[in-house]
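Survey of secondary and tertiary structure
Now for the letters of each chain:
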Amino acid sequence: MDLIDSFGRTVRDLRISVTDRCNFRCTYCMPAEGMVWLDRSEVLTFEEIERVARICVEKFDVNSLRLTGGEPTVRAHLPRLITKLAALRLSNGEKPDIALTTNGATLRNIALELRDAGLDRINVSLDSLKAERFFAMTRRDELVNVLAGIAEAQLVGFTPMKVNVVVERGANDDEILDLVAYGRDNNIEIRFIEFMPLDATNEWERKKVVTQDEIISVINAEYPLEIVPARGAAPADRWRYVDGKGTVGVIPSVSHPFCADCDRVRLTSDGQFRTCLFATDEFDIRALLRNGGTDDEIAELIRTAVGLKWAGHQINQVNFIRPRRSMSQIGG
Ligand code: SAM
Ligand code: SF4
């Protein structure tokens, strides 16, 4: 049975955060120091994650599972979880699409293992091609490793590769064309993300958001673009280069919210179910998992949460309330 919210949107995508921890400290996501991590006992086990995913896939035909975090690759034995998820089947017998969002720092060593475990797609985050700036934005000296990780992932068959770039005015907005050139030359779809008010240090300001319109006009002036129609439920608007050298996307969460087409729900690493990145309420699936809840009871909680999903986030309203947790704690 499909999982449909009160605005008629069908849930097809479950974003699963496998850890709140990370080996980077990106300025727009985490503080330099002082993050308080979840205790190991609070984090869902692979068996618990698999159970929630199975209910979503088997009962509700959720056909896309995306692993995220924190940094998912710092969770020990991640390929074991992927193997479990890859064994799930939709009502039509097909395997759900399994994707991973990663900072790419360790991808060089694990790309093959991830592919062999059944991972279908990888998105890597990369905000600068300049070593010093990369360090300033992530607080880690890992640019060389990330670039090598992307190359290795492509080599083992993760194509087309997508690279996410958070654009922040005054930080990396002068690199839009360099990143576009890198994407065009390496068969990578660059996806620029508008900076969202989900940083841990409350430094988000509207003037730091470089909007989709600005990003597209910069690219179009150098590399003429034409829109790829029919985004559907995907968060990115996409354009193709008129000269045929691939595509580029923008995730315009702030300037052009895509909530009306949203098909996503989220499971945090401590087992809380959320229907929006910006939701201010969570539903405690872990309590059910650990107190003898049946599959039907878990499914019912998911149905209730989805029934209460709001029409859209309020970033552009005066009454916008930031979620209690930041991006890495929710799962981006
Ligand atoms: N650690 C992995 C990574 O960086 O790809 C996965 C988790 S991260 C929270 C998921 C995505 O959220 C990344 O592409 C990251 O750049 C993006 N992100 C984090 N904070 C953001 C913010 N304040 N605004 C927009 N995007 C953000
Ligand atoms: Fe870590 Fe990803 Fe957040 Fe950067 S964006 S600090 S890599 S979780």
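Residues numbered from 1 in each chain as written. Chains lettered and ligands numbered in written order. Predicted model: local features only at pLDDT ≥ 70, side-chain atom pairs only at ≥ 80, totals over all residues. Heavy atoms only, no water.

Here Gly331 lies in the segment after α10 (327-330). Once the C-alpha coordinates of Gly331 and Pro72 are considered, the two residues, 259 residues apart in sequence, prove to be 9.5 Å apart. Leaving out residues up to four positions away in the same chain, Gly331 has contacts with Ser17, Thr68, Gly69, Arg266 and Leu277. (Helix = DSSP H or I, 4+ residues; strand = E, 2+ residues; numbered from the N terminus. Contact = heavy atoms within 4.5 Å.)

By the criterion of burial, strand β6 (residues 188-194) is predominantly enclosed, with seven of the seven residues buried. Residues Ile188, Ile190, Phe192 and Glu194 line one face of β6 and the alternating positions Glu189, Arg191 and Ile193 line the opposite face, and both faces are buried. Sheet topology places strand β5 (residues 161-167) next to β6; seven bridges connect them, and they run parallel. Bridge pairing in β6 links Val166 to Ile193. (Buried < 20%, exposed > 50% of the residue type's maximum accessible area, 1.4 Å probe, protein only. Pairing = 2+ DSSP bridges.)

Taken together, 19 residues sit near ligand 1, with Tyr28, Gly70, Glu71, Ser125 and Met196 positioned nearest. At 3.4 Å, a side-chain N or O of Asn164 approaches an oxygen atom of ligand 1. Every element with two or more residues in the shell around ligand 1 is listed here: β3 (97-102), β5 and β6. (Near = heavy atom within 4 Å. Polar contact = N/O pair within 3.5 Å; in protein donor to acceptor, adjacent residues only side chain to side chain.)

This brings us to the pairing of strand β9 (residues 247-251). When you tally the buried positions in β9, you get five out of five residues, the bulk of the element. Burial of the side chains of β9 extends over both faces: Thr247, Gly249 and Ile251 are buried on one face and Val248 and Val250 on the other. Of the pairings in the sheet, the one linking β6 to β9 comprises four bridges and is parallel in character. By the bridge assignment, Ile193 is partnered in β9 with Ile251. Pairing analysis gives four bridges linking strand β8 (residues 237-241) to β9, with the strands arranged antiparallel. For Arg238, the partnering residue across the bridge sits in β9 and is Gly249. Linkage of β8 to β9, two consecutive antiparallel strands, is achieved through a turn of five residues, within which Gly244 is found at a positive phi near 90°.

Below, the discussion takes up helix α7 (residues 212-222). For α7, the complete set of buried residues consists of Gln212, Ile215, Ile216 and Ile219. For α7, the buried positions fall inside an angular range of 90° around the axis, keeping them on one side. Residues of α7 that are exposed and angled more than 90 degrees away from the buried face: Asp213 and Ala221. Tucked into the core, α7 has its buried residues touching β5, α6 (176-185), β6, β7 (225-228), β8 and β9. (Arc of directions from axis to C-beta.)

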